[in-house]
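Chain by chain, the residues run as shown.
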Amino acid sequence: MRRNLHIIGGLGEVSMARKLPLLFETDLSKKLNVATILDIHPRETIENPGKFIPYIRELSEKRFGTPAKLETMYKLGRRIQNGKTKYVQLRDGQLGADIISGIDPEDCVDISCPNYLHYNFFHQTMTQTPANILMEKPLVGSVEELEKLQLFANEIRKSPGNRTVMDAEHYFYYKIIQDYLGSFKNKKTNRHKLGKIETMILRIEEETGFETQRNKDIITRTKSGGGIGLDMGIHAISLLNHLGARIDYDTIKATPIKNSELIRDDKYGENEMRVECMVYGENFHTNGCDVRIRVAKNKKNARKAFYFGHENGMIDLNMGEKIRRTYGKEANLLEEKSYGQQDAFYNVLNSFTNYVDNGLPPPTSIQMGIKNLKDIFEIYRRAGPIQMVLN
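Residues numbered from 1 in each chain as written. Predicted model: local features only at pLDDT ≥ 70, side-chain atom pairs only at ≥ 80, totals over all residues. Heavy atoms only, no water.

**Q** How would you explain the overall build of the protein if you had to name every residue and give the values?
**A** Of the regular secondary structure elements, the protein holds 13 helices and 16 strands. Burial statistics for the protein: of 391 residues in total, 56% are counted as buried. Partitioning the contacts of the protein with sequence separation of at least 6, the portion at a separation of at least 24 is 75%. Total accessible area on the protein stands at roughly 17,400 Å², and carbon and sulfur atoms take up 48% of it. (Helix = DSSP H or I, 4+ residues; strand = E, 2+ residues; numbered from the N terminus. Buried < 20%, exposed > 50% of the residue type's maximum accessible area, 1.4 Å probe, protein only. Contact = heavy atoms within 4.5 Å. Areas by Shrake-Rupley, 256 points an atom, 1.4 Å probe, with all protein chains shown as cover.)

In structure tokens form, the structure reads like this:
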């Protein structure tokens, strides 16, 4: 079944820039029809849909870069001109009766707007439409909104209806992560018998600086709702929770850091967060597991990698190259497996449509997203003062 997709998000957002080509250039086009784009970007708007194509060309050259994506944007522009895709600017944060009336029970709504608007549009979509919902991480950007979301999620659990509601936590949907999580349940993939986890180092660091407005917005609380610890750290916390970890809050040591004058000087204005803590659970050593997390943007020698020290060896998940290396107790290489380059947003959208079509609850549920946020905000609560470290 091909379902109508209504996207709430700014055309300048990274998630929109990555999702739109997928929705036209892959087999997702047979599953999802881009019926509506609800543009909330505060700066880049289009007053006249007839000017969409030249605008898209300029935007593509700045943000997307590749000819294939530029061609996709032209295709989208023509769809808007001939009315196949409806383009609406949401200036007041309200969906409006005409938009709501055009969303049917079998439709899907993708909430890809900046973090600080997530709860607003999630609440409207849940209460005023029957649609299935995919919402970008983090689900909300403040403790106050988290409390509201928790109450709302309890209502969803009591009367879920037939809709699917999914947190788009895309790291979970990488095959390399799926295999590692599955190794604790599957004897075939756990043949090396590494035992339980004793130590973990989770690094998600990017070299990207703050030359783009998007990067500036991420670390400005009034625009995005949180700093890098929230925006990127959510991936590390999600992995811990999918492993069944219980964080010992009393062991948390968190240090927010900024290395640029472009960043607002408040606790939510960091471009790097370092966290240490102990976790416990069935998959971890009986004495606990020492966890170290580093997330950063504008970082020299950046790295995206997860290291797991097991009782009888180690596993290195190179998230940049998508390579898993398994080592024995003597640090001897037992196995190297490449997963090939994958598009995380494709995995998310494809999984979402499968869960919707089959009526199955997604593993990245709203409840799991709430648990991730509780841990993140507890880390912020216990964090020390922000440190200034200029390169």
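Anyway, onward from the coordinates.
**Q** Go over the nonpolar core with me, naming the residues and quoting the values.
**A** Within the largest apolar cluster, 102 residues are counted, with the highest numbers of intra-cluster contacts made by F122, M200, L240, F306 and F308. The residues touching M200, leaving out its near neighbours within four places in the chain, are L240, L243, F284, C289, D290, V291, R292, Y307 and F308. (Core = buried A, V, L, I, M, F, W, Y, C linked by side-chain atoms within 4.5 Å.)

**Q** Explain helix 7 (residues 175–182) to me, and be specific about the residues and the numbers.
**A** Buried residues of helix 7: I176, I177, D179, Y180 and L181, and no others. In this structure, the buried residues of helix 7 make contact with strand 7 (197–205), helix 11 (233–242), strand 12 (304–310), strand 13 (313–318), strand 14 (323–327) and strand 15 (333–338).

**Q** Hey, could you go over the pairing of strand 9 (residues 253–258) for me, with residue numbers and the actual values?
**A** With 5 bridges connecting them, strand 9 and strand 10 (residues 272–280) associate as antiparallel partners. Across the sheet, the residue bridging to I257 is E272, located in strand 10. As paired strands, strand 9 and strand 16 (residues 387–388) are joined by 2 bridges and run parallel to one another. Bridged to K258 within strand 16 is M388. (Pairing = 2+ DSSP bridges.)

**Q** So, the packing of helix 11 against helix 13 (residues 366–382): which residues are in play, and what are the values?
**A** Two numbers describe a pair of packed helices, the interaxial angle and the distance between the axes. Remark: helix 11 packs on helix 13, axes separated minimally by 9 Å, with the N-to-C direction vectors making an angle of 120°. In terms of axis orientation, helix 11 runs oblique to helix 13. Handedness of the helix 11/helix 13 crossing: right-handed. Two secondary-structure elements touch here, helix 11 through G233, I234, I237, S238, N241 and H242 and helix 13 through M368, K371, N372, L373, D375, I376 and I379. (Axes fitted to C-alpha atoms, helices over the stretch in contact; angles between N-to-C directions. Parallel < 35°, antiparallel > 145°, perpendicular 65-115°, else oblique. Left-handed = near helix turned anticlockwise from the far one by under 90°.)

**Q** I'd like a description of the sheet that holds strand 2 (residues 32–39), backed by residues and values.
**A** By way of backbone hydrogen bonds, the strands of a sheet pair with one another, either parallel or antiparallel. Spatially, the 6 strands line up as an open sheet ordered 3-2-1-4-5-6, and their pairing is parallel. Where the open sheet ends on each side, the last strands, each with one partner, are strand 3 (86–89) and strand 6 (165–168). Recorded for the sheet is a direction-independent mean angle of 20° between the axes of neighbouring strands. Examined bridge by bridge, strand 1 (residues 3–8) and strand 4 (residues 108–111) share 4 bridges and lie parallel to one another. Across the sheet, the residue bridging to I7 is D110, located in strand 4.

**Q** Got a sec to walk through the side chain of R163? Specific residues and values, please.
**A** Checked against the element boundaries, R163 lands in the loop between helix 6 (143–158) and strand 6. Here the side chain of R163 touches A131 through a polar contact of 3.4 Å, landing on its backbone oxygen. If we skip the residues at most four places from it in the chain, R163 touches T125, M126, T129, P130, A131, N132 and I133. (Polar contact = N/O pair within 3.5 Å; in protein donor to acceptor, adjacent residues only side chain to side chain.)

**Q** I'd like to hear about the environment of K30, residue by residue, with values.
**A** By the element assignment, K30 lies in the loop between helix 1 (14–25) and strand 2. Its relative accessible area of 65% is what places K30 among the exposed residues. Note: C-alpha distance between K30 and R3 (27 residues apart in sequence) is 8.8 Å.

**Q** How would you summarise the pairing of strand 13 if you had to cite specific residues and measurements?
**A** Within strand 13, 5 of the 6 residues are buried, leaving the element largely enclosed by the surrounding structure. Looking at chain direction, strand 12 and strand 13 are connected through 6 bridges and run antiparallel. From the neighbouring strand, Y307 faces strand 13, where its bridge partner is D316. Linking strand 12 to strand 13, which pair antiparallel, is a turn of 2 residues. Connecting strand 13 to the antiparallel partner strand 14 that follows it, the hairpin turn spans 4 residues, and K322 within it adopts a positive phi of roughly 60°.

**Q** Mind laying out the pattern of salt bridges, listing which residues take part and the relevant values?
**A** Two side chains that carry opposite charge are able to pair once their charged atoms sit near each other. Inspection of every chain in the model, using the stated rule, returns 16 salt bridges. The residue E206 makes a salt bridge to K297 at a minimum N-O spacing of 2.4 Å. Here E206, found in the loop between strand 7 and helix 8 (213–218), pairs with K297, found in the loop between strand 11 (289–296) and strand 12; they are 91 residues apart in sequence, far enough to count as distant. For E336, the salt bridge goes to R325, with nearest N and O atoms at 3.0 Å. Taken together, the residues E336 in strand 15 and R325 in strand 14 connect sequence positions 11 residues apart. Since its relative accessible area comes to 49%, E336 is described here as partly exposed. Note on R325: relative accessible area 18%, which makes it buried. Sharing partners across several salt bridges, the network here consists of D250, E378, R381 and R382. (Salt bridge = Lys/Arg side-chain N within 4 Å of Asp/Glu carboxyl O.)

**Q** How would you sum up helix 11? Please name residues and give values.
**A** Of all 10 residues in helix 11, 9 are buried, a share of seventy percent or more. Along helix 11, the residues that are buried comprise G233, I234, H235, A236, I237, S238, L239, L240 and N241. Residue G244 follows helix 11 closely and has a positive phi angle near 80°.

**Q** Lay out the environment of G83 with the relevant residues and their values.
**A** For G83, the position within the fold is in the loop between helix 3 (67–81) and strand 3. The class of G83 is exposed, set by a relative accessible area of 55%. Sequence separation between G83 and T36 is 47 residues, and the spatial gap between their C-alpha atoms is 9.9 Å.

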